[in-house]
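# Architecture and fold: a report
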There are 2 protein chains.
Amino acid sequence: MANLLCDERDVKFVLYEQLNIEELCESEKYSEFSRETFDMVLDAAVKLAEKEIWPTNADGDQKGVILEQGAVKVPESFHNAYRLYCEGGWSLLAVPPDMGGQGFPSVLNCAAVELFSAANQAFMMYPGLTIGAARLIEKYGTEDQLREYMDRMYSGEWAGTMCLTEPQAGSDVGALRTKAVKNPDGTYKISGGKIFISAGDHDLTENIVHMVLARVEGAPPGTRGISIFIVPKKRVENGELVDNDVICAATEKKLGIHASATCALNFGEKDNCIGYLLGAENEGMRIMFNMMNEARLAVGIQGLAQASAAYMHALRYAKERVQGPEIHALKDPTAPKVPIIYHPDVRRMLMWMKCVTEGIRALIYYAGYCEDRIHAAKSEEEAAKYQGFLDILIPICKSWSSDMGFRVTELAIQVHGGYGYCREYPVEQFMRDSKICSIYEGTNGIQALDLVGRKLAVKQGALFKSIVAETGNLLKNASKNYRLKDIVEPFAQARSQLVEVTRYFGLKSITEDFMIPVLYASPYLELFGDLAVGFMLLWQAVIADRRLEEIYNDAKADTPEKKAEVLRTNRSAAFYRGKVASAQFFSNTFLSLSKGKARAIMSGERSAIDLPEESFALF
Amino acid sequence: MANLLCDERDVKFVLYEQLNIEELCESEKYSEFSRETFDMVLDAAVKLAEKEIWPTNADGDQKGVILEQGAVKVPESFHNAYRLYCEGGWSLLAVPPDMGGQGFPSVLNCAAVELFSAANQAFMMYPGLTIGAARLIEKYGTEDQLREYMDRMYSGEWAGTMCLTEPQAGSDVGALRTKAVKNPDGTYKISGGKIFISAGDHDLTENIVHMVLARVEGAPPGTRGISIFIVPKKRVENGELVDNDVICAATEKKLGIHASATCALNFGEKDNCIGYLLGAENEGMRIMFNMMNEARLAVGIQGLAQASAAYMHALRYAKERVQGPEIHALKDPTAPKVPIIYHPDVRRMLMWMKCVTEGIRALIYYAGYCEDRIHAAKSEEEAAKYQGFLDILIPICKSWSSDMGFRVTELAIQVHGGYGYCREYPVEQFMRDSKICSIYEGTNGIQALDLVGRKLAVKQGALFKSIVAETGNLLKNASKNYRLKDIVEPFAQARSQLVEVTRYFGLKSITEDFMIPVLYASPYLELFGDLAVGFMLLWQAVIADRRLEEIYNDAKADTPEKKAEVLRTNRSAAFYRGKVASAQFFSNTFLSLSKGKARAIMSGERSAIDLPEESFALF
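All right, on to the overall build of chain A then. A tally of helices and strands in chain A yields 21 helices and 14 strands. Against the globule reference of 25 Å for 619 residues, chain A gives a C-alpha radius of gyration of 25 Å, in line with a compact fold. In terms of its C-alpha atoms, chain A occupies a principal-axis envelope of roughly 85 × 65 × 60 Å. For chain A, the residues scored as buried account for 60% of the 619 residues in total. In chain A, the proportion of contacts linking residues at least 24 apart, taken out of those at least 6 apart, comes to 75%.

This part takes up the interface of chain B and chain A. Listed as interface residues are 88 residues of chain B and, on the opposing side, 89 residues of chain A. Counting residues per element, the side of chain B that touches chain A draws most heavily on helix H19 (residues 571-589) of chain B, which supplies 10 residues.

Residue and element names in this part refer to chain B. The interhelical angle for the contact between helix H10 (residues 344-376) and H19, taken along N-to-C directions, is 100°, at an axis separation of 9 Å. In terms of their interaxial angle, H10 and H19 are classed as roughly perpendicular. Contacts from Met351, Trp352, Lys354, Cys355, Glu358 and Gly359 in H10 reach Ser582, Phe585, Phe586 and Thr589 in H19. Taken together, the residues of the contact of H10 with H19 sort by class into 5 nonpolar, 3 polar and 2 charged.

Of the transformation superimposing chain B on chain A, the axial component is 0.0 Å and the angular component is 180°, with the fit at an RMSD of 0.0 Å. The relationship between the two copies is best expressed as a two-fold rotation axis. When you check the interface residues of chain B against chain A, 100% turn up at the interface there too, and the contact is symmetric in its surfaces.

Before going further, it helps to spend a moment on the nonpolar core. Of all hydrophobic cores here, the largest spans 444 residues; its most connected members are A:Phe229, A:Ala314 and B:Phe229. Ignoring any residue separated from it by four or fewer positions in sequence, one finds A:Ala314 in contact with A:Leu350, A:Met353, A:Leu411, A:Ala412, A:Val415, A:His416 and A:Val427.

Attention now moves to the domain arrangement of chain A. Along its sequence, chain A is organised into domain 1 (8-155), domain 2 (159-282) and domain 3 (443-606). Placing a centre on the C-alpha atoms of domain 1 of chain A and another on those of domain 3 of chain A gives a separation of 31 Å.

This part is about helix H6 (residues 121-140) of chain A. With 20 residues, H6(A) ought to run about 28 Å at 1.5 Å a step, and its terminal C-alpha atoms sit 28 Å apart, in line with that. In terms of residue burial, H6(A) counts as a mostly covered element, since 19 of its 20 residues are buried.

Unlike most non-glycine residues, A:Asn238 shows phi in positive territory, near 55°. If you trace the backbone, A:Asn238 turns up in the loop between strand S8 (234-237) and strand S9 (240-243). Phi at B:Asn282 is positive, roughly 65°, even though this residue is not glycine. As for its position among the elements, B:Asn282 is in the loop between strand S12 (274-278) and helix H8 (284-290).

Now for the packing of helix H17 (residues 521-554) of chain B against helix H20 (residues 594-602) of chain B. Residue and element names in this part refer to chain B. Between H17 and H20, whose axes approach to 10 Å, the crossing angle comes to 155°. By the angle class used here, H17 and H20 are roughly antiparallel. The chirality of how H17 crosses H20 is left-handed. Contact residues: H17 offers Pro523, Tyr524, Glu526, Leu527 and Asp530, while H20 offers Ser594, Lys597, Ala598, Ala600 and Ile601. Classifying every residue of the contact of H17 with H20 by side-chain character gives 6 nonpolar, 1 polar and 3 charged.

This paragraph deals with the environment of B:Asn20. You can see B:Asn20 is positioned in the loop between helix H1 (8-18) and helix H2 (35-53). When the C-alpha atoms of B:Asn20 and B:Glu143 are compared, they prove to be 37 Å apart, with 123 residues separating the residues in sequence.

Further remarks concern the confidence of the model for chain A. Overall, the predicted model of chain A reaches an average pLDDT of 96, with 100% of residues at or above 70. Across the interface, the model reports ipTM at 0.97; the global pTM reads 0.98.

All names here are of chain B. Most of strand S3 (residues 159-163) is tucked away, with 5 of its 5 residues classed as buried. With burial as the criterion, each face of S3 is covered, one bearing Ala159, Thr161 and Cys163 and the other bearing Gly160 and Met162. Summarising the sheet, S3 and strand S6 (residues 208-216) pair through 5 bridges and their orientation is parallel. Each residue of the ladder has a partner; that of Ala159, found in S6, is Ile208.

Turning our eyes to something else, we now look at the pairing of S9(A). Consecutive residues of a regular strand have side chains that alternate between opposite faces of the sheet. Residues and elements named next belong to chain A. Pairing between S8 and S9: 4 bridges, direction antiparallel. In the sheet register, Lys234 faces S9, and the bridge partner there is Asp243. Two successive antiparallel strands, S8 and S9, enclose a turn made up of 2 residues, where Asn238 displays a positive phi of approximately 55°.

Scoring rules and cut-offs
Residues numbered from 1 in each chain as written. Chains lettered and ligands numbered in written order. Predicted model: local features only at pLDDT ≥ 70, side-chain atom pairs only at ≥ 80, totals over all residues. Helix = DSSP H or I, 4+ residues; strand = E, 2+ residues; numbered from the N terminus. Rg over C-alpha atoms; globule rule 2.2 N^0.38 Å. Buried ≥ 20, exposed ≤ 12 C-beta atoms within 10 Å, placed from the backbone. Contact = placed C-beta atoms within 7 Å. Axes fitted to C-alpha atoms, helices over the stretch in contact; angles between N-to-C directions. Parallel < 35°, antiparallel > 145°, perpendicular 65-115°, else oblique. Nonpolar A, V, L, I, M, F, W, Y, C, P; charged D, E, K, R; others polar. Least-squares fit on C-alpha atoms with pLDDT ≥ 70 in both. Core = buried A, V, L, I, M, F, W, Y, C linked by C-beta atoms within 7 Å. Domains from an automatic or database assignment. Expected span 1.5 Å × (residues − 1). Left-handed = near helix turned anticlockwise from the far one by under 90°. pLDDT = per-residue confidence, 0-100. Pairing = 2+ DSSP bridges.

Take a look at the structure:
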């Protein structure tokens, strides 16, 4: 049985044929790697994902977590998977060698995490949150903190969390009330309650290191007065682990990711909770923001992963499920029945899932690749360029991936028909698990405001201009290929539309109409995402078309019949043909709407905000 | 606390101001009714829905159904709600008086069923399936069958089901294998297995009457050889109810509607299952098709109902949940925090939910109203006209309502943020329950084929032409109002686009390109639905704008300031303003895309079907 979590051929296409990540090995930073080592990592990741993590997915969904006397138990099956994950050193994959890591490129880590998340998103919350917390300590911790916490966290011996949200402080982080009072020895007494803390408590590790946002007594209100603390569940005293007064008061019953413990944590109920300042006082938001890109990309990967697994499962089902005859024989009751992949509407759904999944994958890996190019850059200019790409693409990676990834999981249910609605099949779980991605790590509405209010404004729109210029190069390259002529034109048009809307926003933002960019931030992000993902697919089509022609030439396939024969018998040819089709289909399905979407935004229609609150419905 | 299941003001607006259903009372058939009796029905429905059915919703979701020794138990709380439902005679609401019913218009029944489904979709499956089965008997049963089954079913004493699906026969009903062998006494011996039978077994009634599609020995293959049988769970012998060899072998664990028993039923395992033919042999599909409109409209109502409840809950949450300051004070940590309805992106989501929910409601009620106009018609011509509207709108009512209703439930989660993902709030259940609507009663893909392959073809497109002409009248009327000028234009354009695409389909269907209409059937249904729902909202806007002007005039509000004051203080004014805004917002959000959607269809892009199967992914 082949891997049903992701299309490995497509993963390798993005890594080696589109992004050409072997080139990274030419830089000193990645000089010890090669395609062979990359492939070894991928193979090992597939094996772990398929054989060890995937079998825990339905189990975790059914059992969920159990809270008993303030302590959370994860499903039994998670323990073995976690042990193997740690033994494989997967948390260390992209950690720099001087921090004890393996130093692989981030883009490869994206591919591995996609696989693991596709295998079990809830499971991956535990190592995922740990690495996020460890990275903060890596970047801002003292030598002592690195030694005490980071090493143990990267190895998986201890776990970690991020504690931001409070009941009154969700999207409005600045409203948080958790308090820190400085002790004479330089530590702080922490008190307050946090909610929605993923992996907030569990029995996978002997200790959990919470990164807690809190306000030092007397600090300014809002985000400017927030500090960040290392607050371990158990603190070390005289070489012993002692209880640090962190209590799990409740776990949430949720739509999905049942086996991810979403905890309400109380700090300092017995006035005995010690926190250790990370960085300086009141620097909490700045420090946290540094990790934002990584955290949001991680959520984008989850959206991708659920879409990927959903697509693969729907595809297998469509190839195996026999129902009805081909459409032209609909009225002949004796006509042979065919697998549903032969029904055009099913094809249409599969094609939608295929191009969206592949497009998201390319976009997300590209973001990971940008990180690597920053690290491997030969000049500050080059690093700044990729940092700019990364910064402007992150909200798209997070939002478009989670919104459209969710649609892919929804379509997977639809392809399965009535069976898709039954828990016996895994697709409904994919949809439930996927839904959280549009909410946490900053709702998609917050992402849109980040894109429009912050990223577009950077250096008078320099990030935007830079990425638009980059797509110009791609368009120029693509338009040289006469076979892609019909595909290229809609891309060029859609690109102009995005530029036009962006200018419109620029004008509006300096007038009394500044509410328009705010009101249309989400539709703008959608339009931007259509383009970003579309260009990834166009980029792939240019490469795939060239490869396909090479195969045709090698096979001396110079007639439609011979080409069809090649497609039937040569799997590489079929794959490349599929890549070109993804760009075609995406263009026709998404970019055909760009003009309308742009017009809708630029209409400036503002009924939603002009309406009195009373107009919405009478209570 | 006001009703959080649906906006009663909007319900009454559709019934009395848009459809003007009081006029129905002028026909003899509805002459005994009046607005007062209609209002009494609505009030009673709200009360039952809110006070008795809604409290069973979360309970049913948590407990689900229990299968023990071949018998299904529904949650305890359902028994009382079911008793009250039956005592209220709700199943009889729109049943003709000569069949023992109350004879109210169908459109009123739509409103009542919307409320009940919003209160608990799973619960409503039991009376809903019963009425569907009873209606079949009403129309095709013998006098004896009417007396024995129909009366008891309408009263709720016995329940009913529809048994179509078998493991190998889902969308392809003609592939069914359940067998009927004629007995000397004219009854039939039934044997075979059915799956996905909603309300297939339960303990709400002493007996369940299954309407079973089966093939009489020797009948032709495919749909032409299908007959329909009344197969009671217990048959009457010598005045006693005896077991009729119908076994519930399993119930499905599902994504949603947990408390609706989705059963696998085995008929005749002990060779002792008797069926009674309904109508003639081999007429099963024709008979069943007669009930199709009603059954599909019922699913459309479910899609509407979940959307409605989701919108109302999201709206309340948005008005109560305080988070962050208004956008212009974002950087001032001391600025007062506001309810999230003041945040533009939340407004945008609410507006989306509002206009879609209101649009679906109007469309669905309109379909119910068409039924009533058929019954009240003064001429065959008039009846045929409304039958035509109904026939062509039904696939839209079912599909667009379920697809977009689902999006409304999804957005309700998004408005709730992290809380929306928690089972503590009801919105995630709305989404889970809603998802089934795009699948059962013919998947939405099947609906699209019905629209394109069957309904468009009727009398050389007469149905289509007739409904397009009707919208022409509306456009003419609307364009007389200069205040709606900007709104009307996009409607006219979108309408032209639909006509153009329909012509294109007509041409393609008679050429070798007949696969294009098949491939694009679902996108076509979407485009058609956008228009159908849009026109409902435009129709409403014309009325609402007139009423609003009347209110302004009465209040002598002749300046923007005075008008704003009226909107703040006069709830009717605020409501009408909201109706105009729904049309505006819908036009800008949906109809702005019509041209692009039309172009995409007419591109004839066919990569999805041209691609070899191997291109989808390598297994």
